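# Coordinate analysis (summary)
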Amino acid sequence: MQFVLASSTTMLIASCGSSDSDSSSRLRPLTPVTATISARATELFENSRDGEEVWVDITPSVNRSVWVQFAFEGTATEGLDFAIDDPLLTFRPNQTRASTTLRPLNDWLPEETETLTLSLGNLSTATSVGVPGSVAFTIADDGDQELTPAQKVSRAELFLYTDASFSAATAKLEVNVWNFGNMTSSETFMAVSLHRLIRPGELGRAVEEFQRIEVPPLGSGERFRTSFDFSLAALSHGRTYWSYAEIDRVPEEGDYNVLPNREYNGFTLDSRGRILVGCEEPNRPVGETETDPLFEHQWSLQNSGQKAFAAHGGTAGEDLQMQSAIEASQPTGRGVNVAVVDTGLEICHPDLAANVERNESYNFRADLRRESDGWFNAELTDPYLPDSRGDHGTSVAGVIGAKGNNGMGLRGVAPDVRLFGFNYLSENCCREDALGASNREPNSAQIDVFNMSFGTFGFQYSYPDDTVVRYGTRQLRAGLGAIYVKAAGNSFGRCVSFRHVIHDLIGCSSSNGDPFNNVPHLIVVGALNAHGAKASYSSVGSNLWISAPAGEYGVNEPASITTDQFGRYRGYSSRNWPGIAENQDADPYGDYGSNFNGTSAAAPHTAGAVALLLEEEPGLTWRDVKHVLASTARRSNSSRNPDQSQDVMIGNRLATFQRHWITNGAGYMFHNHFGFGALDVDAALNFIRGDFRPDNLGEQQLSEWISYAGDVLNIPDHDGGGLESSLNVDLPARANIEAAQLWVNGTHDNLSDLSIELTSPSGTRSILNQVFNNAIAGDTQLDWQLLSNAFYGESPRGLWRIKIIDAAVGDTGSLDSWAIRFWHGEHP
Amino acid sequence: MASASCSTRRFLVVASCLVAVGIGAQVEQVLAVHEADKTFHHMAETVFANGAQKIADAEIRLERRGVAFRYVAKLETQNVGSHWYSRTSRRPWVVYGSHDGRFHELDSRVRVECDSPKTLSALANSPEVIRSKDYGELGYAILWLRPTANPLAVVQELQADPRVRKAVLQFKRPRQFPQ
């Protein structure tokens, strides 16, 4: 029998009734309670992500707090084979039932079924164990999750892409089918036809239909290309047409997947029957006030939790943090030239036209010297996209610099910026012209900020081509250097070659799969949603610099609201997507969209913010801009973000496959999901208004490649300890790293089995290649230059260590050589 | 003037070869371009004439399926194919790299480093060249070729030109997509 002594306060309460409260039971025995345990299912599997709910009941009901603590027995080990959300359950007074979740963990080891007996261990006073007092679980090994190469192979993945060119009499549709998967597809067929767009989202019957043609079996990485000519003669003038190509879907159990299986390309005929290839200004009434009516929905600029035409709103305060700049209407990007290097730019869009440099934009498809594949009648200085299903570049431009306070639509991050459109993506050529190495046709050398919301799909074995951006950062802006802002990619959930539960945590394809992302002269941007969490699609990696708002899909949760090709029969609104397209009061003419997302939207938010910084301090160098952003980025507190590192047992040793936020040796915080964190505009402006002096980071220098000179090293198979190697760097201790590049060379039966981590002399650890990276699935030759920004500001001097872990059983390989080099300055 | 005419003559030689290719004649000439330790080979027209071509340790043949075709290199351990192209579209310029045992699709541009602007001007006046642009700050110029001009043949000619310090093939870049 146990007794408790009550305090004087609770004695007063006790006098009010005959409760069984501990505190009121002065010198009276507590009412004994019995606790029992139960669970619905006892046969668990390693990959059951939701876990199993475990219930504890106590009888009888008592007016005091009771707690029970779980005890474990069996072959399963806590933390390796399972975890329990609440090892100690506390019952409030009169509460008789409580639960927690038992979560099997996947250690990826092929092993026997584990046993686990969950029982009630330590108990609060006057609590005893009833029947049943324990539950016996089994945790079966998930054979499907064993990481043998054969099980990783999944399927072919066909990707359809169409492109159009025009002559006076025909529209030529070029159709490309890629296999991004790692199996050969079976033969299939494709149908191509032309339809009139009757109303947004609704097509009429086929005006023209081609015979189905065979798409040959495509090996991994292979492509099929063909083209079709549509005659314009029989089409109605003043109408919009959509051509589409459609690949037969393989019914369930098929050996390939098609995403998307139907791809459109639209065009509009003018009143004389010619395809519209230039921007013809629409009539739009100006509002009675200067207010931008859609501004209240622009959560990325000022997040109040508004829904922004989606079903649910975000989290108030999770935005660009530019309240002060908005209220002061200063800076606004005035005098700063920003290039939208993209699919096009609608230079006469009602909400963009005032900010567009009309005679300085450029249409690479309008070159009259071309003999084919161009756009007949297009003007060189009008990068108008004839494809009427939405112009990515026009939407990017609105995020950067839609005109503010003009009584219509919305405003950009930098509402007075000068916009230039270079339709580089419509031609896929001419990087020199589009990125600053040209002073005529177009004059891209006058650009201050280049926005590059694009990237490659899949891994390309090429070294990053940094020729043009090295020139641009050295020579443009009178030697201060242009700023290159690039989207990280949308491949977090893009598990093409295989999927594993850990991909939910670390992502399917890393941002390092696009070689251009590994160029240190860029600002590589990840995407955040309206809750301030990493957007579901945003690619992650050590080459990220910063993150910015972009949103989800605008259906359940907000996407970015921005300009769209104007008119109801053009643009994303012509597809009649959910959102603002359904709300004619908010967008009476179909000039805006509320579904724009991707790192494509995060990059222009950043480019607009950079324009504000350059107006505020025109003397900023490109390195200053990166420094300011890294120094002022904030860490989002969203509960949706990962809150711990991902440690996994490989072989008999623990391996870390994703690191949580780290603070590096120079005091900068870094995370592969976010770079240095979320962009904070007001903080960045305040930073440069403070003691910061432009062009004071010392001369930037590039070290030689510093190479490991030892023997070929075998990568141990399926061993969390991995291969470790080190080399000494003898650079000045006072140097500050601005970027670290790693060059790895070797072979492995499957590169995606490998995690590659670099540790600096300061002890900062950065994962440069995540394990099971789909971007390199199936490759065997390791010859790769990777980038990490995690060491920013640290001294390069000292011992650097590389660690390569092979996480899967069966495949083997070796590291032949590795080297590192540094871009470094001397920071105050 | 002398330089310009010389350049034009060289390109005319290439053009005549290509016209022959364009009408389907069997041109047995095997073109190859060497860049550092890499060697790229043109597929001779015999490949298209139901024949095959031996390049290094590979036998190159044409595989047809419906309206599509591709080149296939039969190697000792495996067969390697190019992309599939439709016979209804313009034939792409595909080369075989004997250094890596892979096919590569060429862009209709070549990159050159000339000894003087005058040389570049002369090259630009060639009938095979649509336009040229000098990226002086980057140290090179780009020549845009007519679709009928074989970039590999053009580069081979340019590499033999003493006024041209360097001529480099340009490959189709990985497609960049909005994202």
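Here the structure is a predicted model, which means the values were calculated and not measured. Chains are numbered independently. Their residues run from 1 in the order of the written sequence. Written order determines the labels here, with chains lettered from A and ligands numbered from 1. Local features are withheld for residues below a pLDDT of 70 in this predicted model, meaning they are given only at 70 or higher, and side-chain atom pairs are given and counted only at 80 or more; totals for whole chains, interfaces and linings count all residues. In computing side-chain values, all of the structure's heavy atoms are included and hydrogens and water are not.

## So, the interface of chain B and chain A
Taken together, the 36 residues of chain B in the interface contact 53 residues of chain A. Here the quantity called buried area is the total loss of accessible area, with a 1.4 Å probe, experienced by two parts when brought into contact, counted for both. Per-residue buried area on chain B facing chain A is highest for R175(B), Q176(B) and Q179(B); these three make up 23% of the total on that side. Note on definitions: salt bridges are taken to be side-chain nitrogens of Lys or Arg within 4 Å of carboxyl oxygens of Asp or Glu. Summed over the shared surface of chain B and chain A, the result is seven salt bridges. Distance and chemistry together define a polar contact, namely a pair of N or O atoms within 3.5 Å, with one atom able to donate a hydrogen and the other to accept it when in protein, and with adjacent residues in sequence counting only for side-chain atoms on both sides. One can count 28 residue pairs in polar contact (both at pLDDT 80 or more) joining chain B with chain A. Helical segments are the DSSP runs of H or I of at least four residues, strand segments are the runs of E of at least two, and each set is numbered from the N terminus. In terms of residue count, strand β10 (residues 129–135) of chain B provides more of the side of chain B that touches chain A than any other element does, five residues in total. Grouping the amino acids of the side of chain B that touches chain A by side-chain chemistry returns 15 nonpolar, ten polar and eleven charged. When checking whether two residues touch, look at their non-hydrogen atoms; a contact exists if any pair is within 4.5 Å. Nonpolar residues are Ala, Val, Leu, Ile, Met, Phe, Trp, Tyr, Cys and Pro. Charged residues are Asp, Glu, Lys and Arg, and all others, Gly as well, are polar.

## Thoughts on the state of the cysteines
All names here are of chain A. Note on terminology: disulfide denotes any pair of cysteine sulfur atoms within 2.5 Å. For the structure shown, the criterion picks out two disulfides over all chains. Across a sulfur-sulfur distance of 2.0 Å, C279 and C348 are joined as a disulfide pair. Taking the sign of the S-S torsion, about -85° here, the bridge from C279 to C348 comes out left-handed. Placement of the pair is C279 in the loop between β19 (262–268) and α3 (323–328) and C348 in the loop between β20 (337–341) and α4 (392–401), with a sequence separation of 69 residues. Relative accessibility decides the category of a residue: with a 1.4 Å probe and only protein chains considered, values under 20% of the type maximum give buried, values over 50% give exposed, and everything between is partly exposed. Classification of C279 by relative accessible area gives buried; the value is 17%. With relative accessibility at 1%, the residue C348 sits in the buried group. Bridging C429 to C430, the disulfide has an S-S length of 2.0 Å. Sign of the S-S torsion, about -65° for the bond between C429 and C430, identifies this disulfide as left-handed. Judged on exposure class, the residue C429 and its partner C430 are both buried.

## Regarding the sheet that holds strand β10 (residues 134–140) of chain A
Residue and element names in this part refer to chain A. By definition, two strands form a pair when at least two bridges between them are found by DSSP. One open sheet holds the five strands; their spatial order is β2-β10-β8-β4-β6, and the pairing between them is mixed. Edge strands, defined here as strands with exactly one partner in the open sheet, are β2 (43–45) and β6 (88–91). Going across the sheet, the axis of each strand differs from the next one's by a mean of 30°, ignoring polarity. Taken together, the three bridges between β2 and β10 define a ladder with parallel strand orientation. From the neighbouring strand, F45 faces β10, where its bridge partner is A140. To obtain an axis, a line is fitted to C-alpha atoms, over the contacting stretch when the element is a helix, and the angle between two such axes runs from 0 to 180 degrees between their N-to-C directions.

## Focus: helix α9 (residues 599–616) of chain A
Between its first and last C-alpha, α9(A) extends 26 Å over 18 residues, near the 26 Å set by a 1.5 Å rise per residue. Of all 18 residues in α9(A), 17 are buried, a share of seventy percent or more. Expected span of a helix, by definition, is 1.5 Å for each gap between consecutive residues, and there is one gap fewer than residues.

## A few points about helix α2 (residues 117–124) of chain B
Residue and element names in this part refer to chain B. Listing the buried residues of α2 in full gives T119, L120, A122 and L123. Taken down its axis, α2 places every buried residue within 160° of arc, on the same side. Every exposed residue of α2 that faces more than 90 degrees away from the buried side is listed here: P117 and K118. Throughout, the arc means the angular range of directions from the helix axis out to the C-beta atoms.

## Some words on the pairing of strand β11 (residues 156–166) of chain A
Every other side chain in a regular strand lies on the same face of the sheet, so the side chains alternate between the two faces. Residue and element names in this part refer to chain A. Most of β11 sits out of view: eleven of its eleven residues are buried. Residues of β11 alternate between two faces, with A156, L158, L160, T162, A164 and F166 on one and E157, F159, Y161, D163 and S165 on the opposite face, all of them buried. As judged from the nine bridges shared by β11 and strand β12 (residues 170–179), these two strands associate in the antiparallel manner. The residue bridging F159 from the neighbouring strand is W178, located in β12. The hairpin formed by β11 and β12 contains three residues between the paired strands.

## Re the nonpolar core
The biggest cluster of nonpolar side chains holds 80 residues, and the ones touching the most others in it are M322(A), V449(A), I483(A) and L629(A). If you tally residues by element for this core, the top one is α9(A), at ten residues. The split of the chain into domains comes from an automatic or database domain assignment. Counting residues domain by domain, this core receives three or more from each of domain 4 (295–635) and domain 5 (648–669 + 697–825) of chain A. Residues contacting M322(A), with those up to four places away along its chain left out, are L301(A), R411(A), V413(A), L612(A), V681(A) and D682(A). Each nonpolar core is a collection of buried residues, namely Ala, Val, Leu, Ile, Met, Phe, Trp, Tyr and Cys, held together in the definition by side-chain atoms within 4.5 Å. The next biggest cluster of nonpolar side chains, apart from the first, holds 34 residues, and it includes Y424(A), F450(A), F454(A) and Y140(B).

## Topic: the packing of α9(A) against helix α11 (residues 681–689) of chain A
Residue and element names in this part refer to chain A. Interhelical geometry of α9 versus α11 gives an angle of 20° and a closest axis separation of 10 Å. Put simply, α9 runs roughly parallel to α11. The chirality of how α9 crosses α11 is right-handed. Residues A609, L612, L613 and E616 of α9 lie in contact with α11, whose contacting residues are V681, A684, L685, I688 and R689. When grouped by side-chain class, the residues that make up the contact of α9 with α11 number seven nonpolar, no polar and two charged. Working rule for angles: under 35 degrees goes down as roughly parallel, over 145 as roughly antiparallel, 65 to 115 as roughly perpendicular, anything else as oblique. A crossing counts as left-handed when the near helix is turned anticlockwise from the far one by less than a right angle, and as right-handed when that turn is clockwise.

These figures come from the coordinates and say nothing about function on their own.
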